[in-house]
Structure formats: structure tokens, C-alpha cells
Amino acid sequence: MSKIYTDKKINKFDDNCPENCFNKISSELGIKRLEYCRALHAEENAILQSAKIGGMPIGNGTIYTTTYPCELCAKKLYQIGIRTIYYTEPYPESISEQVFLEDGTKIIERIAFEGVKSYSYFRLFKPVYDKKELSEIERYELSAQ
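Criteria and cut-off values
Residues numbered from 1 in each chain as written. Predicted model: local features only at pLDDT ≥ 70, side-chain atom pairs only at ≥ 80, totals over all residues. Heavy atoms only, no water. Helix = DSSP H or I, 4+ residues; strand = E, 2+ residues; numbered from the N terminus. Buried < 20%, exposed > 50% of the residue type's maximum accessible area, 1.4 Å probe, protein only. Contact = heavy atoms within 4.5 Å. Areas by Shrake-Rupley, 256 points an atom, 1.4 Å probe, with all protein chains shown as cover. Axes fitted to C-alpha atoms, helices over the stretch in contact; angles between N-to-C directions. Left-handed = near helix turned anticlockwise from the far one by under 90°. Nonpolar A, V, L, I, M, F, W, Y, C, P; charged D, E, K, R; others polar. Phe/Tyr/Trp six-rings, centres within 6.5 Å; stacked < 30°, edge-to-face > 60°.

### Details of the overall build of the protein
Reasoning step 1: From N to C terminus, the protein includes seven helices and three strands.
Reasoning step 2: In sequence order, the secondary structure elements of the protein are arranged as α-α-α-β-α-β-α-β-α-α.
Reasoning step 3: Evaluated residue by residue, the protein yields a buried proportion of 21% over its 145 residues.
Reasoning step 4: In the protein, the share of contacts with a sequence separation of at least 24, taken over all contacts with a separation of at least 6, comes to 43%.
Reasoning step 5: Total accessible area on the protein is roughly 11,900 Å²; 57% of this is exposed by carbon and sulfur atoms.

Listed below in C-alpha cells is the structure:
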């Protein structure tokens, strides 16, 4: 259904283009039509939710992210005046730091998270056996006695 819906939207723009040129280009180059996706990056969502709900101003604020901001998010964070970015993972081949976050006029502090990350935290406290396996082990031990 998603492909059908996307194709209908693309066909509206195909008037000035030879038949299905967008579809051919996207299939040959493997380009995904992200403008038809409802997903947002976490930074974009945080900015929009703050604007929608209101409350505290975001200028001179701090943002916590799982991944270092991509180029698009870095531009948005720069424009709204974020002063500190905490992140847990580097963003592969990102130019956002050199181009958008180090321009010499605004100082945006970037701090890598140090500590136990969520995956390791949950793995640390995850039970060795799930409930079903544990009940089978207990039954086996009782029957062996």
C-alpha cells in the first residue's frame, strides 16, 4: 500500500517528466523517497514538540541524542541556538561538525556520553533464563530429587 500511495504522489509530479522518470531514477540509483516518509529524526521531533507544546525556550539549551546530529539536524540545532549537544554514538562520515557546528560565531559544545549505554544496561539486568525456561529447570530439579 505504501508503494501504491507513493507512486500516486510521484505521478502528480511526473507531468513535466518523461514517463516514470522518477521511478526509474530511484530504482536504478536506489534512492528512497524520504519526503513521503512520516518519520523524523529525534532532534527534529524534539524541536517541533517544543514549538508545539511550548513551555521552556530552547535557545541556549541542551539536547541529548543517541547519535551525533546529521547535517540536516545540525543546521536546525545551530539555527535555534542550542549550546550543548550530548551524544552517545558518532555519525559516520558526518561533515556537520566542521561545516555547521564550528563556524566561529556560535560556540556549540559537543560532549560524548560516558557511561553504561542502554543496551548494556538492559543486558546487565536481563535474566539468564526466561520464565518458561526457568519453570522447566525448576521442574527438572524437583523431579531429580
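### Side note on the packing of helix α3 (residues 42-53) against helix α4 (residues 71-80)
Reasoning step 1: Contact geometry for α3 and α4: axes closest at 9 Å, N-to-C directions at 30°. Every pair of crossing elements has a handedness; the one defined by α3 and α4 is left-handed. Of α4, the residues touching α3 (which contributes Glu43, Glu44 and Ile47) are Cys73, Lys76, Leu77 and Ile80.
Reasoning step 2: The residue makeup of the contact of α3 with α4, split by class, is four nonpolar, no polar and three charged.

### Some thoughts on the packing of aromatic side chains
Aromatic rings in a pair are described by how distant their centres are and how their planes are angled relative to each other.
Reasoning step 1: Scanning the model with the defined rule gives two aromatic pairs in all.
Reasoning step 2: Ring geometry for Tyr64 against Tyr86: centres 4.8 Å apart, planes inclined by 10°, an arrangement best described as stacked. In this pair, Tyr64 sits in strand β1 (residues 62-67) while Tyr86 sits in strand β2 (residues 84-89), placing the two residues 22 residues apart along the sequence.
Reasoning step 3: Between Tyr68 and Tyr87, the aromatic rings sit 4.8 Å apart at their centres with planes inclined by 90°, giving edge-to-face as the arrangement. Remark: Tyr87 occurs in strand β2 and Tyr68 occurs in the loop between β1 and α4; sequence separation between them is 19 residues.

### Description of the side chain of Thr84
Reasoning step 1: Following the sequence through the fold, Thr84 ends up in strand β2.
Reasoning step 2: Aside from chain neighbours lying at most four places away, what touches Thr84 is Gly61, Thr62, Ile63, Glu109 and Ile111.

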